[in-house]
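# A closer look at the structure
One-letter residues, chain by chain:
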Amino acid sequence: MAHVLSGFGGVIAFDFRGHGRSGGRSTVGDLEILDVEAAVRHARLIGYRRVVTVGFSLGGAVAVRHAGVLGGPDAVVSVSAPARWYYRGTRPMRQVHWAIERPIGRLAARLGKRTRIMKGVWDPLPLAPYEAAAKISPAPLLVVHGDADRFFPLEHAYQIYEAANEPKELWIEPGFGHAESAATPELVSRIGRWAAARSGPPEGVYSS
């Protein structure tokens, strides 16, 4: 992913809190907006004048929330993202909630996925991605979703897109599944071209 996007600008990629080599515990989309903010500030600090945030699945929801709550990016790309919290309408998402909400599930996520998840519930409830989408303008927003997504059906993409103000675009990709595991180099290249075109000459791209 980073290699393909690097053809259109510099790429800063990182693990969210509680993921991989990052410390802390995942808050599953809440405080992760601060992780994106740190990446955007770093990009500005090292000289990038234009920054586009690009996120997949949870990263897509966080990119939308970051732009809506904190602002800062010059454009936003959200791929395969949920529009709202606590969605359990598909089997994969019921499995995700099992991993988040039960001690044995969190243990399995830590041992199997190197993901450490917080205990307890959100308090207060974070702004939902579709609600944050309404606050992104005037930065352009691109929503990308596949009609073969097993986690989140197309209604999530439509809810984010319809809540957002112009400028915005919606790409419904035939046969595309979910997030990074299904994204082809061709699709990622199209995203890179969109990002470069919406932010002036290619300089900086963030990916999660």
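Going by the structure above, here's the rest.
Structure report, in brief. Bear in mind that the values here come from a model prediction, so they are computed numbers and not experimental data. (Residues numbered from 1 in each chain as written. Predicted model: local features only at pLDDT ≥ 70, side-chain atom pairs only at ≥ 80, totals over all residues. Heavy atoms only, no water.)

## Side note on the pattern of salt bridges
- Scanning all chains against the criterion turns up eight salt bridges.
- With its nearest N and O atoms 3.9 Å apart, the salt bridge here joins Glu186 to Arg190. In this pair, Glu186 and Arg190 both sit in helix α9 (residues 185–198), four residues apart, roughly one turn of the helix.
- Residue classification places Arg190 among the partly exposed residues on the basis of a relative accessible area of 22%. (Salt bridge = Lys/Arg side-chain N within 4 Å of Asp/Glu carboxyl O. Helix = DSSP H or I, 4+ residues; strand = E, 2+ residues; numbered from the N terminus. Buried < 20%, exposed > 50% of the residue type's maximum accessible area, 1.4 Å probe, protein only.)

## Concerning unusual backbone geometry
- Pro124 follows Asp123 through a cis peptide bond whose omega is 5°.
- Going from Glu166 to Pro167, the amide bond is cis rather than trans, its omega being 0°.
- Topologically, Pro167 is positioned in the loop between α7 (154–163) and β5 (168–173).
- Look at Ser57: it is not a glycine, yet its phi comes out positive at around 60°.
- Since its relative accessible area comes to 17%, Ser57 is described here as buried.
- At Tyr86, a residue that is not glycine, the phi angle is positive and equals roughly 65°.

## What about the packing of helix α2 (residues 32–45) against helix α3 (residues 58–69)?
- The interhelical angle for the contact between α2 and α3, taken along N-to-C directions, is 75°, at an axis separation of 9 Å. One way to sum up the angle between α2 and α3 is to call them roughly perpendicular. Facing Glu32, Ile33, Val36, Glu37 and Val40 of α2, the residues of α3 in contact are Val62, Arg65, His66 and Val69. (Axes fitted to C-alpha atoms, helices over the stretch in contact; angles between N-to-C directions. Parallel < 35°, antiparallel > 145°, perpendicular 65-115°, else oblique. Contact = heavy atoms within 4.5 Å.)

## Brief notes about the layout of surface pockets
- Considering only enclosed or pocket space, the largest pocket measures out at about 1500 Å³ in volume.
- The wall of the largest pocket is formed by 47 residues, among which His19, Val28, Leu58, Val96 and Ile100 lie closest to the centre.
- Broken down by secondary-structure element, the contributors of at least two residues to the lining of the largest pocket are α3, α4 (91–101), α5 (103–113) and α8 (179–182).
- The element contributing the most residues to the lining of the largest pocket is α4, with nine residues. (1 Å grid on protein atoms, 1.4 Å probe; cavity = no way out; pocket = protein on both sides within 12 Å on 5 of 7 lines; lining within 4 Å. Points joined across faces, edges and corners; volume = space filled by probe spheres on them.)

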